[in-house]
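Here's the letter readout for the chains.
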Amino acid sequence: MNSRHTDVTGMVRSLLWLVLTLFMLASPAAAMGRGEVTIETQKGSFSFTVEMTETPEEKSRGLMHRRSMPRTHGMVFTWNPEQHVSMWMANTILSLDMVFIKADGRVHRVHENAIPFSRDNIESGVPVKWVLELNAGTAAEIGLKPGDSVKIN
């Protein structure tokens, strides 16, 4: 094998590595942990695959700039200890349902159909441990209401 071929092969590998690294850094889901959420309502048990925000940067970014999300997916924001939470939809393309959950796993409040790009604050009303974001319409579809049980793994 000549050195020119080796140099080109090395450059191609380096370029592919750079593209892959940039793609992973640019992908909002790439760095976030994954989990499962099970919600119990009068209509039954419903499971969702979720991204778990773990850093202030992930909480700040949330689902901003996402163009789609599978129906059975969502995002969980966690606060330790429980606290009053204020969310908004700035730079968020998707309409979302926001579920405010107490430390005991009970739903305190459901804000349905949050308006994309809105800068209006959506308040928890009381200290909460988690906020679960789901595609708009999901809460109504599964009959989600305050008092329902949520298990986050």
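The shown structure was predicted, so the numbers you read here are calculated from the model rather than taken from an experiment.

**Some details on the overall build of the protein chain**
(1) Moving on: Looking only at helices and strands, the protein chain has three helices and nine strands in total.
(2) Moving on: Counting helices and strands in the order they occur from the N terminus, the protein chain gives α-β-β-α-β-β-β-β-β-β-α-β.
(3) Moving on: Classification of the 153 residues of the protein chain by burial places 37% in the buried group.
(4) Moving on: Pairs at least 24 residues apart make up 68% of the contacts formed inside the protein chain by residues separated by at least 6 positions.
(5) Moving on: On the protein chain, roughly 8900 Å² of surface is accessible, and the fraction owed to carbon and sulfur atoms is 57%.

**What about the pattern of salt bridges?**
Charged atoms that come close allow side chains of opposite charge to pair.
(1) Moving on: Tallied over the entire structure, the rule returns four salt bridges.
(2) Moving on: Note that Glu141 and Arg71 form a salt bridge whose closest N and O atoms lie 3.3 Å from each other. Remark: Arg71 occurs in the loop between α2 (56–61) and β3 (73–83) and Glu141 occurs in helix α3 (residues 138–142); sequence separation between them is 70 residues.
(3) Moving on: When its relative accessible area of 52% is taken as the criterion, Glu141 is described as exposed.
(4) Moving on: Between Lys145 and Asp148 there is a salt bridge whose closest N-O contact spans 3.4 Å.
(5) Moving on: Using a relative accessible area of 7% as the deciding quantity, one classes Asp148 as buried.

**Some details on the nonpolar core**
Across soluble globular proteins, nonpolar side chains have a tendency to be buried as a group.
(1) Moving on: Counting residues in hydrophobic clusters, the biggest one holds 17 residues, and the most contacted among them are Val37, Ile39, Val50, Val76, Val99, Leu132 and Leu144.
(2) Moving on: At the level of secondary structure, the elements contributing two or more residues to this core comprise β1 (33–41), β2 (44–52), β5 (96–101), β6 (107–114), β8 (128–135) and α3.
(3) Moving on: Setting aside its immediate chain neighbours within four residues, Ile39 contacts Gly44, Ser45, Phe46, Phe48, Leu132, Leu134, Ile142, Leu144, Ser149 and Val150.
(4) Moving on: Within the second largest apolar cluster, 16 residues are counted, among which are Met69, Trp79, Met98 and Ala114.

**Structural notes on the pairing of β8**
Regular strands have side chains that alternate between both faces of the sheet.
(1) Moving on: In terms of residue burial, β8 counts as a mostly covered element, since eight of its eight residues are buried.
(2) Moving on: Across six bridges, the pairing between β3 and β8 is antiparallel. Bridge pairing links Val76 to Leu132 in β8.
(3) Moving on: Pairing of β5 with β8, which is carried by six bridges, proceeds in the antiparallel orientation. Residue pairing in the sheet places Val99 in a bridge with Leu132 of β8.

**Some details on the packing of aromatic side chains**
(1) Moving on: In the structure shown here, the tally under the stated rule is one aromatic pair.
(2) Moving on: Plain terms: the ring middles of Phe77 and Trp79 are 6.2 Å apart, the flat faces sit at 15° to each other, and that makes the pair stacked.
(3) Moving on: With a relative accessible area of 13%, Trp79 lands in the buried category.

**Remarks on the sheet that holds β2**
(1) Moving on: Taken in spatial order, the seven strands of this open sheet run β6-β5-β8-β3-β2-β1-β9, and their pairing is mixed. Among the strands making up the open sheet, the edge pair consists of β6 and β9 (149–152). Direction aside, neighbouring strands of the sheet carry axes that sit 30° apart on average.

**Section: the confidence of the model for the protein chain**
(1) Moving on: On average, residues of the protein chain score 85 in pLDDT, and 79% of them reach the 70 mark or higher.
(2) Moving on: Taken together, the stretch residues 16–30 has pLDDT below 50 and engages in seven contacts with residues farther than four places along the chain or on a different chain.

Cut-offs applied
- Numbers given for residues are sequential positions, taken from 1 along each chain in its written order.
- Owing to the predicted nature of the model, reporting of local features is limited to residues with pLDDT of at least 70; listing and counting of side-chain atom pairs is limited to 80 or more, with chain, interface and lining totals taken over all residues.
- The basis for every side-chain value is the complete set of heavy atoms in the structure, and neither hydrogens nor water enter the calculation.
- Put simply, DSSP marks the helices as runs of H or I at least four residues long and the strands as runs of E at least two long, and each gets a number from the N terminus on.
- Relative accessibility thresholds used throughout: buried, under 20% of the residue-type maximum; exposed, over 50%; partly exposed, between the two (1.4 Å probe, protein chains only).
- Every residue pair with non-hydrogen atoms within 4.5 Å of one another is taken to be in contact.
- Only the protein chains shown count as cover for residues, and all accessible areas are computed by the Shrake-Rupley method using a 1.4 Å probe.
- By convention in these notes, a salt bridge is any Lys or Arg side-chain nitrogen within 4 Å of a carboxyl oxygen on Asp or Glu.
- For our purposes a nonpolar core is just a set of buried Ala, Val, Leu, Ile, Met, Phe, Trp, Tyr and Cys residues, chained together by side-chain atoms within 4.5 Å.
- Paired strands, as defined in this entry, are two strands with at least two bridges between them according to DSSP.
- Aromatic pairs are defined between Phe, Tyr and Trp rings, using the six-membered ring for Trp, whenever the two ring centres lie within 6.5 Å; interplanar angles under 30 degrees are classed as stacked, those over 60 as edge-to-face, and all others as tilted.
- Every angle, taken between N-to-C directions, lies between 0 and 180 degrees, and every axis is a line fitted to C-alpha atoms, over only the stretch in contact when it is a helix.
- Scored between 0 and 100, pLDDT is the confidence that the predictor attaches to each residue.

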